[in-house]
Amino acid sequence: MQSLLLPPDFSPSLPVWVLAKGQEQGHLPETARAWIAATGFEPSAGRVLAVPGPGGTLLGAVFGVGAEDAKSRDPFLAANLARDLPAGDYRFEGALPDARLAIVGFLLGSYRFDRYRKPEIKTVKFAVPSGVDVAEVVRIAEGVRLARDLVNTPSNDMGPEELESAAQELAGRHEARCSVVRGEELARDFPLIHAVGVSSPRAPRLLDLTWGNESHPRVTIVGKGVCFDTGGLDIKPSSAMLIMKKDMGGAANALGLAHMLMDADLPIRLRVLIPAVENAVSGRSFRPGDVFRSRKGITVEIGNTDAEGRLVLADALALADEEEPDLLIDLATLTGAARVALGPEVPPVFSDDDAFADDIVRTGLAENDPVWRLPLWRNYEKMIASKVADVNNAGTGGHAGSITAALFLRKFVEKAKTYAHFDIFAWTPSARPGRPEGGEAHAIRAIYAYLKARHGS
Ligand code: BES
Ligand code: MN
Ligand code: ZN
């Protein structure tokens, strides 16, 4: 199925009546009211009822939005319309609780990864409800789709080279520049990216995309681009390795976010840094007990080769920090511990900037893209202490794994005015409205809305 928006001058014939539970049905035609009574249809949130007209035609449909004050109502329930309605051109009759998010959900719900199979043909189209900015909802949906496509593409077709191509393509589309440091060139200036990536015959690289006016506020997004995470010599069991194509989800989300920001032409100087590597097993793999001097000069002992994400991010963050950005954000599928703490739907955000943390949590809830703050609890730094180097890349004791990972990253940022780390899942394990199973955008609609409120006109 496909969900599309109709041009504003186009007036579609088929009405979709929005109905709350217990609401008067006076605005519905007689036939629709009779059909609701005959079928016993309850307008619970997200339910759709097609209403037949004379001679086997379609008169329209009813869309239930549940109780008017429902706290638990998912703003993306309008995604059900693309799934449940027959193909056709529709318009809403009656006000949706949150029309903008409903349309975003409608556009995102029909997402399907069809690179390797035939696309579905059904197309449901809607007129844009008044007050909804079409360009805005479309650019948000495009950013999310880009992130999902990149995550869903299997690792055999999404290695460091293909991730580079995706960044180059996005740069070309928005007149951004993209420079790349590849393979052995990384050894001198980015020793940690080199150490992880050299295990694979697919050369590691650091992608560096910049866009916008140099005099504008500097916003830098760093995305974890581990194109497949075997765990390295500390190899993962098969059950844990199964979805590790998604370990470049931070990079995919960074590119999806960059699309939204550049397309909206926000007055910022944007930089996207992506360490793109494969954490593979080979004779060149880095080893438990190895010690590396990072770009920043901090020495790192390898406690676990499966804690590779924080290594590649450390060198990228150190580079980002050197130009003192106003806002430095990283997005990373960094720990299983973040999922243990908050589950698959709510990524933790770590920041020392209280105002930023409050704003992003509030904005995330308002955008139906929730994030939740966890503390950079400094007393846990002892868990990543090393006896031979400045720091160990893996925590001891097995507690607070998402926090110790965040504390590790924090050491590589000193000059950025605000720094925030998002430990995202980038995956929807079972489908929900507007969120089909598979690769997912996490935190980027929240960050986009935050940046738009801060820098937009
Ligand atoms: N990519 C994983 C984290 C991950 C695992 C995210 C499962 C989502 C689902 C990361 O590289 C990793 O392996 N982290 C280890 C760290 C540990 C070795 C200190 C983890 O979380 O177990
Ligand atoms: Mn790992
Ligand atoms: Zn990983």
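**Section: the coordination of the zinc ion (ligand 3)**
- With distances of 2.0 to 2.4 Å, the protein atoms coordinating the zinc ion (ligand 3) are Lys 224 (NZ), Asp 229 (OD), Asp 247 (OD) and Glu 308 (OE).
- Counting along the primary sequence, the residues that act as donors to the zinc ion (ligand 3) give the motif K-x4-D-x17-D-x60-E.

**Quick look at the side chain of Asp 321**
- Mapped onto the elements, Asp 321 comes out in helix α10 (residues 309-322).
- Lys 296 provides the closest opposite charge to the buried, unpaired Asp 321, separated from it by 4.7 Å.
- Side-chain polar atoms of Asp 321 contact the backbone nitrogen of Ala 416, separated by 2.8 Å.
- Apart from residues lying up to four places away in sequence, Asp 321 is in contact with Leu 328, Phe 412, Val 413, Glu 414, Lys 415 and Ala 416.

**Quick look at the sheet that holds strand β5 (residues 88-93)**
- In spatial order, the strands read β1-β6-β5-β2-β4-β3; together these six strands make up an open sheet with mixed pairing. Edge strands, defined here as strands with exactly one partner in the open sheet, are β1 (2-6) and β3 (48-52). Averaged over all pairs of adjacent strands, the angle between strand axes in this sheet comes to 30°, irrespective of strand direction.
- Two elements, strand β2 (residues 14-20) and strand β4 (residues 58-66), share five bridges in a ladder whose sense is parallel. Within β4, the residue paired with Leu 19 across the bridge is Gly 64.
- Of the strands in this sheet, β1, β5 and β6 (123-127) are in contact with helix α3 (residues 99-109), which crosses β1 at around 140°.

**Here we look at unusual backbone geometry**
- Notably, Asn 368 is not glycine yet its phi reads approximately 60°, a positive angle.
- Of note, Asn 368 is situated in the loop between α12 (354-366) and β16 (372-373).
- Positive phi is not limited to glycine here, since Ala 400 has a value of about 50°.
- Within the secondary structure, Ala 400 sits in the loop between β17 (391-392) and α13 (401-410).
- Under the relative-accessibility criterion, Ala 400 is labelled partly exposed at 27%.

**Considerations on the domain arrangement of the protein chain**
- Along its sequence, the protein chain is organised into domain 1 (2-132) and domain 2 (138-455).
- Listed by partner, the interface residues are 19 residues for domain 1 and 19 residues for domain 2.
- At the boundary of domain 1 with domain 2, total buried surface from both sides reaches about 1,700 Å², with 58% on carbon and sulfur atoms.
- Seen at the junction of domain 1 and domain 2, the total is two salt bridges.
- Here Arg 100 ties to Glu 367 by a salt bridge, and the two come within 2.9 Å at their closest N and O atoms.
- Per element, the largest residue contribution to the side of domain 1 that touches domain 2 is seven residues, and it comes from α3.

**What to know about the nonpolar core**
- Core analysis: the largest hydrophobic core is formed by 89 residues, its most contacted members being Leu 81, Leu 163, Leu 270, Leu 331, Ile 360 and Phe 422.
- Here the element with the most residues in this core is helix α9 (residues 249-263); it accounts for nine residues.
- Two domains each donate at least three residues to this core, and these are domain 1 (2-132) and domain 2 (138-455).
- With near-sequence residues (within four places) excluded, Leu 163 lies in contact with Met 158, Leu 207, Gly 225, Cys 227, Met 248, Ala 251, Leu 255, Ile 274 and Ala 276.
- Core analysis: the second largest hydrophobic core is formed by 40 residues, Leu 186, Val 222, Ile 302 and Ala 332 among them.

**A short note on the coordination of the manganese ion (ligand 2)**
- Within the protein, the manganese ion (ligand 2) binds to Asp 229 (OD), Asp 306 (O), Asp 306 (OD) and Glu 308 (OE); these donor distances fall in the range 2.0 to 2.2 Å.
- Mapped onto the polypeptide sequence, the residues donating to the manganese ion (ligand 2) form the spacing pattern D-x76-D-x1-E.
- Between the manganese ion (ligand 2) and the zinc ion (ligand 3), the interatomic distance is 3.1 Å, and Asp 229 donates to each metal, bridging them.
- The class for Asp 306 is partly exposed, based on a relative accessible area of 24%.
- Looking at Glu 308, the relative accessible area reads 0%, which means it is buried.

**Focus: the packing of aromatic side chains**
- Per the stated rule, a full pass over the model turns up seven aromatic pairs.
- Ring geometry for Phe 106 and Phe 126: centres 5.2 Å apart, planes at 80°, overall edge-to-face. Residue Phe 106 is located in helix α3, and its partner Phe 126 is located in strand β6; the two are separated by 20 residues in the primary sequence.
- Plain terms: the ring middles of Phe 356 and Tyr 450 are 5.0 Å apart, the flat faces sit at 75° to each other, and that makes the pair edge-to-face. Residue Phe 356 is located in helix α12, and its partner Tyr 450 is located in helix α14 (residues 444-455); the two are separated by 94 residues in the primary sequence.
- Under the relative-accessibility criterion, Phe 356 is labelled buried at 2%.
- Of the aromatic side chains, those joined through ring pairs into one cluster are Tyr 90, Phe 92, Phe 106 and Phe 126.

**A look at the layout of surface pockets**
- Each pocket or cavity is described by its volume, and for the largest pocket that value is around 610 Å³.
- As for the largest pocket, its lining consists of 30 residues, and the residues nearest its centre are Lys 236, Leu 334, Thr 335, Gly 336 and Ala 337.
- Of all elements in the fold, only α10, α11 (337-342) and α13 reach the threshold of two or more residues within the lining of the largest pocket.
- Looking at the lining of the largest pocket residue by residue, the classes come out as nine nonpolar, 11 polar and 10 charged.
- Considering only enclosed or pocket space, the second largest pocket measures out at about 400 Å³ in volume.
- What lines the second largest pocket is a set of 22 residues, among which Met 1, Gly 109, Tyr 111, Ala 431 and Pro 436 lie closest to the centre.
- In terms of residue count, helix α2 (residues 79-84) provides more of the lining of the second largest pocket than any other element does, three residues in total.
- Partitioning the lining of the second largest pocket into residue classes produces eight nonpolar, six polar and eight charged.
- Counting only domains with at least three residues in the lining of the second largest pocket, you end up with domain 1 (2-132) and domain 2 (138-455).

Parameters at a glance
Just so you know, the residues in each chain are numbered from 1, in the order the chain's sequence is written. Both sets of labels track the order of writing: A upward for chains, 1 upward for ligands. A pLDDT threshold of at least 70 governs which residues receive local features in this predicted model, and a stricter bar of 80 or more applies before side-chain atom pairs are shown or counted, although totals over entire chains, interfaces and linings include all residues. Working from all heavy atoms in the structure, the side-chain values ignore hydrogens and water. Note that water is not among the atoms considered, so a metal site may appear incomplete; the donors listed are N, O and S atoms within 2.8 Å of the metal, with 3.2 Å applied to Na, K and Ca. Numbering of helices and strands runs from the N terminus; a helix is a DSSP stretch of H or I covering at least four residues, while a strand is a stretch of E covering at least two. Using a 1.4 Å probe on the protein chains alone, a residue whose accessible area is under 20% of its type maximum counts as buried, one over 50% counts as exposed, and one in between counts as partly exposed. Charge assignment: positive for Lys and Arg, negative for Asp and Glu; neither His nor the chain ends contribute. Salt bridges are identified by distance alone: a Lys or Arg side-chain nitrogen within 4 Å of an Asp or Glu carboxyl oxygen. Think of a polar contact as two N or O atoms within 3.5 Å of one another; within protein, one of them needs to be a possible hydrogen donor and the other a possible acceptor, and neighboring residues in sequence only count if both atoms come from side chains. Between two residues, a contact is recorded if the distance between any of their heavy atoms is within 4.5 Å. Note on pairing: DSSP must find at least two bridges between two strands before they are called paired. Here the axes come from fitting lines to C-alpha atoms, over the contacting stretch only for helices, and the angles between their N-to-C directions go from 0 to 180 degrees. Where each domain starts and ends comes from a domain assignment, either automatic or drawn from a database. Defined in terms of a 1.4 Å probe, buried area is the accessible area two parts forfeit on being brought together, summed over both. Nonpolar cores were defined as sets of buried Ala, Val, Leu, Ile, Met, Phe, Trp, Tyr and Cys residues, with membership established by side-chain atoms within 4.5 Å. A pair of aromatic rings is counted whenever rings of Phe, Tyr or Trp (Trp by its six-membered ring) have centres within 6.5 Å, and the orientation is called stacked for planes under 30 degrees apart, edge-to-face for over 60 and tilted otherwise. A cavity here means a set of 1 Å grid points, computed over protein atoms only, where a 1.4 Å probe fits but cannot escape. A pocket is an open set with protein on both sides within 12 Å along at least 5 of 7 lines, and lining residues have an atom within 4 Å of a point. Grid points are joined across faces, edges and corners, and a volume is the space filled by probe spheres set on the points. Polarity classes work like this: nonpolar for Ala, Val, Leu, Ile, Met, Phe, Trp, Tyr, Cys and Pro, charged for Asp, Glu, Lys and Arg, and polar for all others, with Gly in that last group.

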